[in-house]
Amino acid sequence: MRDRPVLPRLRERSPVHGLRRRGLAPLEVFAQSVSGAAPSAAMAATPAIVAASAGGGTVWSFVVATGLALLIASCVARFTRRMAATGGLYSLTAKGLNPGAAFASGAALLVGYGMLAAAALTGGATYLQALVARLGGPVSVWVPVGAVVVVGFAAGTLALRGVRLSARVVLLVELVSIVLMLTIFGLLLASPPAGPDLPQPSPGVGGIVAGVLPALAAFIGFEIATALGSETRRPFRTVPRAVTWTAAVSGLLCVFAAQTQVVGFASVPGGLAAQDAPVPVLAAAGGWPWLTPLLDLGLTMSFFACALATTNALARVLFSLARDGVAPRAFGRTHPRFATPHVAIAVVVPVLVVGLAATVAAGTALAPLLVFLLTVATGGFLVAYLLVCLAAPVFLRRIGELTWSAVAATAVIVPILLAALVAYVLASGRTPVVVVLAALAAAAVGWFVWARLRRPAEVASIGVYDETVAADVLGDPGRAA
Amino acid sequence: MTAPRDPLPLSGRQPRAVRSALAVLEEVVAAGPGITAKEISAALKMPQATTYRLLNLLVGEEYLVRLPDLKGFALGRRAARLAVPVTTTPPTAARAVVDHLRGLVRWGVHLASFGAGQVTLVDPDPDHPPSDAALLARYPQVSALGRLLLADQPEWRALVRELRVFTEHTVSSTSELAARIDEVAHDGIARQCGELRADRGCLAVPVRAPGDGRLVAGLALSGPATRVADPNIELVALLREHADRLAPLLA
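These figures come from a predicted structure and were not determined experimentally.

Colleague: How should unusual backbone geometry be read in this particular structure?
Modeller: When glycine is set aside, most residues are seen to have a negative phi, and most peptide bonds are trans. Here A:Ala38, not a glycine, exhibits a phi torsion of approximately 45°, which is positive. Structurally, A:Ala38 can be placed in the loop between helix 1 (26-37) and helix 2 (39-54). Overall, the relative accessible area of 6% leaves A:Ala38 in the buried class. At B:Lys45, a residue that is not glycine, the phi angle is positive and equals roughly 50°. Relative to the assigned elements, B:Lys45 resides in the loop between helix 2 (37-44) and helix 3 (48-60).

Colleague: Just checking my understanding: could you explain the packing of helix 5 (residues 99-134) of chain A against helix 6 (residues 142-161) of chain A for this structure?
Modeller: For any two helices packed against each other, one specifies the inter-axial angle together with the distance between the axes. Residue and element names in this part refer to chain A. Between helix 5 and helix 6, the least distance of the axes is 9 Å, while the angle of their chain directions is 130°. Classed by the angle they form, the pair helix 5 and helix 6 counts as oblique. Judged by the sense of rotation from one axis to the other, the crossing of helix 5 with helix 6 is right-handed. Residues Leu121, Ala125, Leu128, Gln129 and Val132 of helix 5 pack against Val143, Pro144, Ala147, Val148, Val151 and Gly152 of helix 6. Taken together, the residues that form the contact of helix 5 with helix 6 break down as nine nonpolar, two polar and no charged.

Colleague: Would you mind showing me how to read the sheet that holds strand 8 (residues 215-224) of chain B here?
Modeller: Through backbone hydrogen bonds, the strands of a sheet pair up, either in parallel or in antiparallel fashion. Residues and elements named next belong to chain B. What the five strands build is an open sheet, ordered 5-4-8-7-6; its pairing is antiparallel. Whereas interior strands pair on both sides, the edge strands pair on one side only; in this sheet they are strand 5 (120-123) and strand 6 (190-193). Within this sheet the neighbouring strands show an average axis-to-axis angle of 30°, counted without direction. Pairing analysis gives four bridges linking strand 6 to strand 7 (residues 200-208), with the strands arranged antiparallel. Pairing of Arg191 across the sheet is with Leu203, part of strand 7. Packing against the sheet, helix 4 (residues 92-104) makes contact with strand 4 (108-113), strand 5 and strand 8, and its axis sits at approximately 155° to strand 4.

Colleague: I tried to follow the environment of A:Gly112 on my own but got confused; where do I start?
Modeller: Residue and element names in this part refer to chain A. Position of Gly112 relative to the elements: it lies in helix 5. Its relative accessible area of 0% is what places Gly112 among the buried residues. Remark: the alpha-carbon pair of Gly112 and Thr375, spanning 263 residues in sequence, is separated by 9.5 Å. Not counting residues up to four positions away in its chain, the partners in contact with Gly112 are Ala377 and Phe381.

Colleague: I keep staring at the environment of A:Met181 and nothing clicks. Help me out?
Modeller: By the element assignment, A:Met181 lies in helix 7 (residues 163-190). Expressed as a C-alpha distance, the spacing of A:Met181 and A:Ser40, which sit 141 residues apart in the sequence, is 6.3 Å.

Colleague: Explanation requested: the domain arrangement of chain B in the structure shown.
Modeller: By a widely used convention, the size of an interface equals the accessible area lost when the partners come together. As far as domains go, chain B holds domain 1 (14-80) and domain 2 (92-250). Here the C-alpha centroids of domain 1 of chain B and domain 2 of chain B sit 36 Å apart.

Colleague: Explain helix 13 (residues 366-398) of chain A to me, please; I cannot follow it from the model alone.
Modeller: Since the α-helix advances by 3.6 residues per turn, residues separated by three or four positions end up pointing in the same direction. All names here are of chain A. For helix 13, with 33 residues, the first-to-last C-alpha span of 47 Å sits near the 48 Å given by 1.5 Å per residue. Of all bends in helix 13, the biggest is about 30°, found at Ala392, and the proline Pro393 comes one to four residues later. Gly400 lies just past helix 13 and shows a positive phi near 75°.

Colleague: Got a minute to help me understand the packing of aromatic side chains in this structure?
Modeller: Working definition: an aromatic ring pair is given by the centre-to-centre distance plus the angle between the planes. Inspection of the entire model under this criterion finds nine aromatic pairs over all chains. Grouping aromatic residues by their ring pairs yields a cluster made of A:Tyr113, A:Phe222, A:Phe381 and A:Tyr385.

Colleague: Looking at this model, I keep getting lost on the sheet that holds strand 2 (residues 64-66) of chain B. Mind explaining?
Modeller: Residues and elements named next belong to chain B. Within the open sheet, the three strands sit side by side as 1-3-2. Their pairing is antiparallel. The open sheet has two free edges, formed respectively by strand 1 (35-36) and strand 2, since each of these has just one partner strand. Against the sheet, helix 1 (residues 14-31) touches strand 1, strand 2 and strand 3 (72-75), its axis set at about 95° to strand 3.

Colleague: Can you help me understand the interface of chain A and chain B in this one?
Modeller: Chain A puts 38 residues into the contact, and the matching count from chain B is 36 residues. Carbon and sulfur atoms make up 57% of the area that chain A and chain B hide from each other, which totals about 3300 Å². The interface formed by chain A and chain B contains four salt bridges. Here chain A is connected to chain B by seven residue pairs in polar contact (both at pLDDT 80 or more). For the side of chain A that touches chain B, the secondary structure elements donating two or more residues are helix 1, helix 9 (235-264), helix 13 and helix 17 (477-480) of chain A. Top element by residues in the side of chain A that touches chain B is helix 9 of chain A. It accounts for seven residues. The class makeup of the residues in the side of chain A that touches chain B is 17 nonpolar, four polar and 17 charged.

Colleague: Can you walk me through the pattern of salt bridges in this structure?
Modeller: Oppositely charged side chains are able to pair whenever their charged atoms sit close together. Scanning the model with the defined rule gives 23 salt bridges over all chains in all. Here A:Glu28 makes a salt bridge to A:Arg164, at a shortest N to O gap of 3.2 Å. Here the residue A:Glu28 occupies a position in helix 1, and A:Arg164 occupies one in helix 7, the gap between them amounting to 136 residues. Its salt-bridge partner being A:Arg329, residue A:Glu458 comes within 3.2 Å of it at the nearest N-O pair. Note that A:Glu458 is positioned in helix 16 (residues 456-460) and A:Arg329 in the loop between helix 11 (291-323) and helix 12 (342-361), a separation of 129 residues in sequence. Because the salt bridges share partners, they merge into one network encompassing A:Arg21, A:Arg22, A:Arg234, A:Asp466, A:Asp472 and B:Glu62.

Basis of the calculations
Residue positions are counted from 1 within each chain, in the order its sequence is given. Here chains are named by letter from A upward and ligands by number from 1 upward, in the order in which they appear as written. Two thresholds apply to this predicted model, a pLDDT of at least 70 for residue-level local features and 80 or more for giving and counting side-chain atom pairs, whereas whole-chain, interface and lining totals are computed over all residues. Heavy atoms from the whole structure form the basis of all side-chain values; hydrogens and water molecules are not counted. Think of it this way: any DSSP run of H or I at least four residues long counts as a helix, any run of E at least two long counts as a strand, and we number them from the N terminus. For each residue, the accessible area found with a 1.4 Å probe, counting protein chains only, is set against the maximum for its type, and the residue is called buried under 20%, exposed over 50%, and partly exposed in between. Every axis in this analysis is a line fitted to C-alpha atoms, fitted for helices over the stretch in contact. Angles between the N-to-C directions lie between 0 and 180 degrees. Working definition: roughly parallel below 35 degrees, roughly antiparallel above 145 degrees, roughly perpendicular at 65 to 115 degrees, and oblique for all remaining angles. Two helices cross in a left-handed way if the nearer one is turned anticlockwise from the farther one by less than a right angle. They cross in a right-handed way if the turn is clockwise. Throughout, a residue-residue contact means that at least one pair of heavy atoms, one from each residue, lies within 4.5 Å. Amino acids outside the nonpolar list (Ala, Val, Leu, Ile, Met, Phe, Trp, Tyr, Cys, Pro) and the charged list (Asp, Glu, Lys, Arg) are all regarded as polar, and Gly is one of them. Strands are treated as partners if at least two bridges between them are detected by DSSP. What counts as a domain boundary in this text is fixed by an automatic or database domain assignment. One fewer than the residue count of a helix, multiplied by 1.5 Å, yields its expected span. The angle between axes fitted to the seven-residue stretch ending at a residue and the seven-residue stretch beginning at it gives the bend at that residue. Here a pair means two rings of Phe, Tyr or Trp (six-membered ring of Trp) with centres within 6.5 Å. Their orientation is stacked below 30 degrees between planes, edge-to-face above 60, and tilted elsewhere. The term buried area means the drop in 1.4 Å probe accessible area that two parts suffer when joined, counted for both and summed. In what follows, salt bridge is the name for a side-chain nitrogen of Lys or Arg lying within 4 Å of a carboxyl oxygen of Asp or Glu. Any pair of N or O atoms that falls within 3.5 Å is considered a polar contact. Within protein, one atom must be able to donate a hydrogen and the other to accept it, and sequence-neighbouring residues count only if both atoms are side-chain atoms.

Below, the structure written as structure tokens:
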């Protein structure tokens with residue numbers, strides 16, 4: 001039985017060395033994932049969008065979307081219980097599928113996190129402007145521009161100064177914002193506007209299904225913990241839990257928010273779907289107009305925490321691609337003292353902030369910009385989720401640990417995600433989103449072709465992760481061999 | 001998000017699960033590094049799904065690690081804490097260096113090894129008996145030698161079982177301890193003034209392997225608590241010099 005092949009020599013240091021290994025506490029990692037999903041923002045904004053398709057069945061659309069997010073989380077956990085990655089889903093996908101698919105996932109994540117960070121900055125600026133205006137401040141394009149620049153660079157600085165610090169800031173901000181939201185929605189649910197319930201048009205199963213895609217978009221970013229694998233204490237326990245719990249908590253909060261709003265507008269013709277800003281309307285109807293500035297404050301904070309969490313993730317995806325040898329190698333450098341991918345952060349943050357600030361300063365309306373950015377981000381995440389769910393059983397088979405439940409989860413989620421992707425492309429058929437996505441996809445293909453030609457060995461072995469090093473093993477088999 | 005900390009009463013099939021987990025650990029030790037989940041499951045005649053769950057659990061707790069191919073398993077560093085550390089007498093040349101330092105200072109000079117993730121005194125000063133060895137091993141955070149060990153480990157919190165208070169100077173909060181540990185990591189010297197015994201204090205510097213800088217031992221001076229708080233520039237220089245001379249002898 002002992003004719004095992006000679007063990008490969010273990011590395012002396014991890015391929016992703018330079019980041020602070022095993023430093024983050026479970027709560028800090030969880031907070032990053034929750035902030036990425038930004039449930040507060042989703043609670044206020046998404047139900048009305050979902051209601052446009054699902055009407056009275058809005059709550060059910062959210063329940064289904066939560067189930068899907070939990071299934072995605074279960075596929076992700078097949079990997080994160082076994083490996084600690086820094087590149088998020090793409091590092092995981094690389095262990096199951098071929099380098100092309102891993103590369104596609106990497107590109108999709110760059111688009112997803114980049115656009116989500118920009119969207120979070122835009123969202124934060126939007127609600128900050130609303131808050132300033134409500135408190136009697138000036139209404140000018142410079143308020144959002146200033147907010148984007150200040151918060152964008154503050155997020156960059158925090159991300160640079162260490163993942164621990166930014167994780168704690170994110171935890172605090174997100175906690176305050178969720179408590180604010182729960183208070184507001186609790187008050188609104190406790191006293192729905194008087195009046196007889198009007199019969200709502202039945203959405204039917206088709207309506208509920210159509211509402212699932214926008215509801216699922218409320219979860220994007222919930223997998224951010226996967227990019228912090230090597231930096232997490234006890235990662236094989238903490239990261240899968242953080243992702244699963246984020247899906248569950250975000251889902252619960254959204255279902256609660258959707259229920260509040262559906263009940264609140266039950267006596268209004270057209271229901272929730274006819275509302276542009278449902279929560280302020282409910283607050284005014286309930287006789288609590290002062291809730292609206294609180295709502296603006298909570299949303300601003302949630303969006304900014306999201307911007308910070310996504311900046312961390314974006315920089316780490318780029319860092320991992322660089323360590324893999326397919327992105328410029330400078331992105332793979334880490335700061336000697338802060339132990340963060342400082343070059344990646346220093347390049348990504350200014351590009352994002354300046355680009356976004358220029359767009360806003362040029363007079364682009366904030367609300368459509370936010371929707372546009374979120375839509376593009378959702379496209380990226382759908383691709384990344386699809387690939388990682390597809391990769392899970394292949395990975396398990398490769399390491400000889402395949403189970404029926406893993407196959408079943410993939411068999412259920414992959415067709416649904418494929419359908420969601422098709423629906424997504426069809427829904428954005430005549431919008432600039434498709435053009436942008438096509439351009440981004442073409443750029444990614446061009447990048448891949450370049451990498452295949454110039455760095456074939458690196459592409460073939462894509463997928464660095466924080467592998468076990470000699471010091472982790474008792475008795476050090478690699479050295480003894 | 002974490003499971004309740006209270007020890008739950010064992011119920012139902014849990015005792016069997018505990019036995020199975022121990023059997024898995026034993027099988028990895030017996031078979032040697034590189035054994036796969038399938039092989040463990042076959043050797044123990046345990047259902048595959050159960051084996052995978054137990055393995056993931058043990059990997060999550062870091063008693064086991066997955067080798068870089070992600071298929072094979074080996075014992076993790078943490079498993080060392082299941083065994084009693086073996087005290088080995090340091091080589092004569094190393095003892096001579098420690099004795100040399102004893103001849104130069106009027107403080108107690110102790111040498112400790114950090115193998116197995118514990119403070120083990122391997123050459124305590126016979127003229128200045130140190131604190132109880134079991135106490136030093138159990139509460140690393142109150143001794144200068146123990147803090148050297150903690151400062152070297154990103155997961156030092158796992159080694160601090162209980163912040164027991166010995167004197168009015170004992171560090172009793174995790175945040176304060178974290179600040180002290182950061183100081184040690186930054187300065188490369190650990191101190192403790194009257195935290196274990198009110199009248200005694202300790203200074204300790206690391207002994208690192210010449211090649212890879214791995215922490216192998218700690219060299220400590222113990223003396224009156226009031227003197228430890230002083231800068232002691234010459235004394236520290238002397239201590240560091242002897243630690244450097246010990247490095248090639250102990251690694």
